[in-house]
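Commentary on secondary and tertiary structure
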Amino acid sequence: MANFKDSPKFSNHDDYYTPKWIFERFNHLIPNDKVVWEMCLLNSNEQSKTYLTELGHKVIGDNTCDCLSDTQYEKDCDMIITNIPFSNPLKTKILTKLSKLDKPFMIIMNSTNIHSNYFQEIFEGKDLYFLYPKQKLYFDKYNGKKLIKPNYENKSTSFYSIIVCYKCIDKNYFI
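Described below are features of the structure shown in this document. Just so you know, these numbers come straight off a predicted model, no measurement behind them.

Turning our eyes to something else, we now look at the overall build of the protein. Scanning the protein for helices and strands turns up four helices and ten strands. Along the protein, helices (α) and strands (β) appear in the sequence β-α-β-α-β-β-α-β-α-β-β-β-β-β when read from the amino end. Contacts in the protein between residues at least 24 apart in sequence constitute 71% of all its contacts with a sequence separation of at least 6. Carbon together with sulfur atoms contributes 48% to the accessible area of the protein, which is approximately 9200 Å² in total.

Here it is, written out as structure tokens:
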């Protein structure tokens, strides 16, 4: 992810984690009888897997699995729920894999991505639906040593997020 107030030393940062309250906002739309693969856990603290499990879902995935090269969870899951990395080309590779897998998914990402040429090309012909948060989503940041909770008063996220859905809901929702 990126934060524009860091300019001119602008850089992408992929070590942002989804807090539990975000999953709680759309938990009612996640089927309880499905095995969920949290596919973007590589080198993470696995907090999203823990949160989804606490919300009543069977979740597979681990922080040693590179979702781009390791296929161990692909056959065992019914759907995918994840917060994909911010940086390209990693993000593009993961989106391409999701499209090719053709499994139901809910992915949290920067909302501007849905207007990009690469996003349109990757998901051409696929029926996507969106969960539109009623407020900005703020993420926990890992700085290499510890997890830093966001300062909600400073509204530290410089972008808006969206949850892109495929084969798991049949209309757009505001959450």
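Once that is clear, we can look at the packing of aromatic side chains. Remark: the centre distance and the inter-plane angle together describe each pair of aromatic rings, the angle taken between the planes. Taken as a whole and assessed by the stated rule, the structure comprises nine aromatic pairs. Ring geometry for phenylalanine 105 versus phenylalanine 123: centroids 5.8 Å apart, planes at 50°, classification tilted. Of this pair, phenylalanine 105 sits in strand 5 (residues 105-110) while phenylalanine 123 sits in the loop between helix 4 (117-122) and strand 6 (128-132), placing them 18 residues apart in sequence. Each of the two residues, phenylalanine 105 as well as phenylalanine 123, counts as buried. Aromatic pair phenylalanine 119 and phenylalanine 123: ring centres 4.9 Å apart, planes at 55°, arrangement tilted. The class of phenylalanine 123 is buried, set by a relative accessible area of 4%. Here the aromatic residues Phe105, Phe119, Phe123 and Tyr166 are joined through ring pairs into a cluster of three or more. The ring of phenylalanine 86 has lysine 91 sitting right over it, with the charged end atom 5.3 Å from the ring centre.

Rules and cut-offs
Residues numbered from 1 in each chain as written. Predicted model: local features only at pLDDT ≥ 70, side-chain atom pairs only at ≥ 80, totals over all residues. Heavy atoms only, no water. Helix = DSSP H or I, 4+ residues; strand = E, 2+ residues; numbered from the N terminus. Contact = heavy atoms within 4.5 Å. Areas by Shrake-Rupley, 256 points an atom, 1.4 Å probe, with all protein chains shown as cover. Phe/Tyr/Trp six-rings, centres within 6.5 Å; stacked < 30°, edge-to-face > 60°. Buried < 20%, exposed > 50% of the residue type's maximum accessible area, 1.4 Å probe, protein only. Lys NZ or Arg CZ within 6 Å of the ring centre and 35° of its normal.

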